[in-house]
Amino acid sequence: MNNENIKNKQVLIFILATGVFGILNTEMGFIGILPYIAEIYQVTVVQAGWLISLFALGVAVAGPTMPLLLSRFNRKYLMVFILGLFTLCNVIAVFAENFFVLLAVRVLPAFFHPVYCSMAFTVAAALAKPGEEPKSVAKINAGVAAGMVAGVPISNFLAEQFSLSASMAFFALATFLVLLLTIWLVPSMPVKTGMSYGSQLSVLRKPMLWASIMAVIFLNGSIFGVFNYLTEYLGTVSGVVPALVSILLFVYGLCNIGGSMMAGNLLTERPLLVVKSFPLAVAVVYIALLGGGSVWPLMGVIVVIWGILGGINANINQYWIANAAPEAPDFANGLFLTAANMGCVLGTMVSGQFISAWGTQYVVLGGLLFCLLAALTFWVQCSHKQVNTLLRIQAEH
């Protein structure tokens, strides 16, 4: 492979990661401006929350369907269309005077969110050298983490210092710049060996795929079931002042990016060891939270370690489902996005019940429960895979 080809692949992966950043920035950024939306549009904060929940529902519904339906289309044309749609909807949001217009232009692009993200994972893996796919995919996940890190604080700052419209304009600018880069630098990418819809759907007959989906639900539930209450935990249990809470959340996000980049090498070199030990590592963090969550210096260290594990988590999720159905990568990546969202919702609900029963300090019990379920699922799967590998090797000899 010559240097020019390597450079072109690196540019394409960068554009894909930046595109994912723009889309995730749009998704997560609304969390930082809900109070401003409620005030300006004269709705309750709960109603403003529809902008978050309905977007997530759209992603969950579209995850297994839209990537499958659009898997035969030219990759570049899809990228241009989706980035253009996100940009247009964000521009309309800047000038929307009616809440339901804002809601409509918020929900519409959500159905194409999993198409772009699953395509980014698929293309990144296809561009990598054999055996190094996790390293390329980790760069896309770094874009995901960056979008989650930047979206909330930047949107909140712009709304506070300037206006709500300024926040909406930032979302539009982020996707518009990637749209220009895509039009200018990305070559045409027709799908040369497109699978039929029936062939892709046939992977649903694989028990290991369903086990992988359950593992991802449990693993994502173990992380986000606790993380979604981190702000409240830091304030009520750790006694951290609000200004420092924002800094810790930002630090957590930065560590997510670092963990995502670490995961590329880890999953390339020792994938089974990483997957089997990961739930145990998260469980250790939660046990530390139970014993030292109220001790501020220790809590700061825990947030750093937890943030790194959160970045590794996203890569394990994608890696595990993609390897369960490698013959249908777009469909598998769509299933990954749906399973990840389901895990986030389920984990949040279960951990919330522990808070209602015993208080915020015991939110980690929900995380520990999902860690146990994920560990059991992973260990059973790994054992099954190892047995099949041994049988295959014996048969070949």
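Our structure's up above, just so we're on the same page.
Residues numbered from 1 in each chain as written. Predicted model: local features only at pLDDT ≥ 70, side-chain atom pairs only at ≥ 80, totals over all residues. Heavy atoms only, no water.

### Notes on the overall build of the protein chain
- Across its full length, the protein chain holds 18 helices and zero strands.
- A compact globule built from 397 residues would reach a C-alpha radius of gyration of about 21 Å, and the protein chain, at 21 Å, matches this within 12%.
- Projected onto the principal axes, the alpha-carbon positions of the protein chain cover approximately 70 × 50 × 40 Å.
- For the protein chain, buried positions account for 52% of its 397 residues. (Helix = DSSP H or I, 4+ residues; strand = E, 2+ residues; numbered from the N terminus. Rg over C-alpha atoms; globule rule 2.2 N^0.38 Å. Buried < 20%, exposed > 50% of the residue type's maximum accessible area, 1.4 Å probe, protein only.)

### Comments concerning the packing of helix 6 (residues 75-95) against helix 7 (residues 99-107)
- Running from N to C, helix 6 and helix 7 cross one another at 165 degrees; their axes reach a closest spacing of 9 Å. What the angle tells us is that helix 6 and helix 7 run roughly antiparallel. For helix 6 against helix 7, the interelement crossing comes out left-handed. Residues Cys89, Ile92 and Ala93 of helix 6 form the contact with helix 7, whose participating residues are Val101, Leu102 and Val105.
- A class-by-class count of the residues in the contact of helix 6 with helix 7 yields six nonpolar, no polar and no charged. (Axes fitted to C-alpha atoms, helices over the stretch in contact; angles between N-to-C directions. Parallel < 35°, antiparallel > 145°, perpendicular 65-115°, else oblique. Left-handed = near helix turned anticlockwise from the far one by under 90°. Contact = heavy atoms within 4.5 Å. Nonpolar A, V, L, I, M, F, W, Y, C, P; charged D, E, K, R; others polar.)

### Focus on the packing of helix 6 against helix 10 (residues 164-185)
- For the pair helix 6 and helix 10, the least separation of the axes is 8 Å and the interaxial angle reads 160 degrees. Overall, the two elements helix 6 and helix 10 adopt an arrangement that is roughly antiparallel. As helix 6 runs across helix 10, the sense of the crossing is left-handed. Contacts from Lys76, Met79, Val80, Leu83, Gly84, Phe86, Thr87, Asn90, Val91, Ala93 and Val94 in helix 6 reach Ser165, Met168, Ala169, Phe171, Ala172, Thr175, Phe176, Val178, Leu179, Thr182 and Ile183 in helix 10.

### Re the nonpolar core
- Counting residues in each nonpolar core, the largest one holds 80 residues, and the members touching the most others are Ile33, Ile37, Tyr116, Ile140 and Met168.
- The contacts of Ile140, once residues within four sequence positions are left out, are Ile13, Leu16, Ala17, Val20, Ala120, Phe121 and Ala124.
- Of all hydrophobic cores here, the second largest spans 43 residues; its members include Phe227, Tyr252, Val275 and Trp320. (Core = buried A, V, L, I, M, F, W, Y, C linked by side-chain atoms within 4.5 Å.)

### Examining the pattern of salt bridges
- Applying the stated rule across the entire model yields one salt bridge.
- Put simply, Glu327 and Lys206 hold a salt bridge, and the shortest N to O gap is 3.4 Å. Of the two residues, Glu327 is situated in the loop between helix 16 (296-324) and helix 17 (329-358) and Lys206 in the loop between helix 11 (197-201) and helix 12 (207-227); the sequence distance between them amounts to 121 residues. (Salt bridge = Lys/Arg side-chain N within 4 Å of Asp/Glu carboxyl O.)

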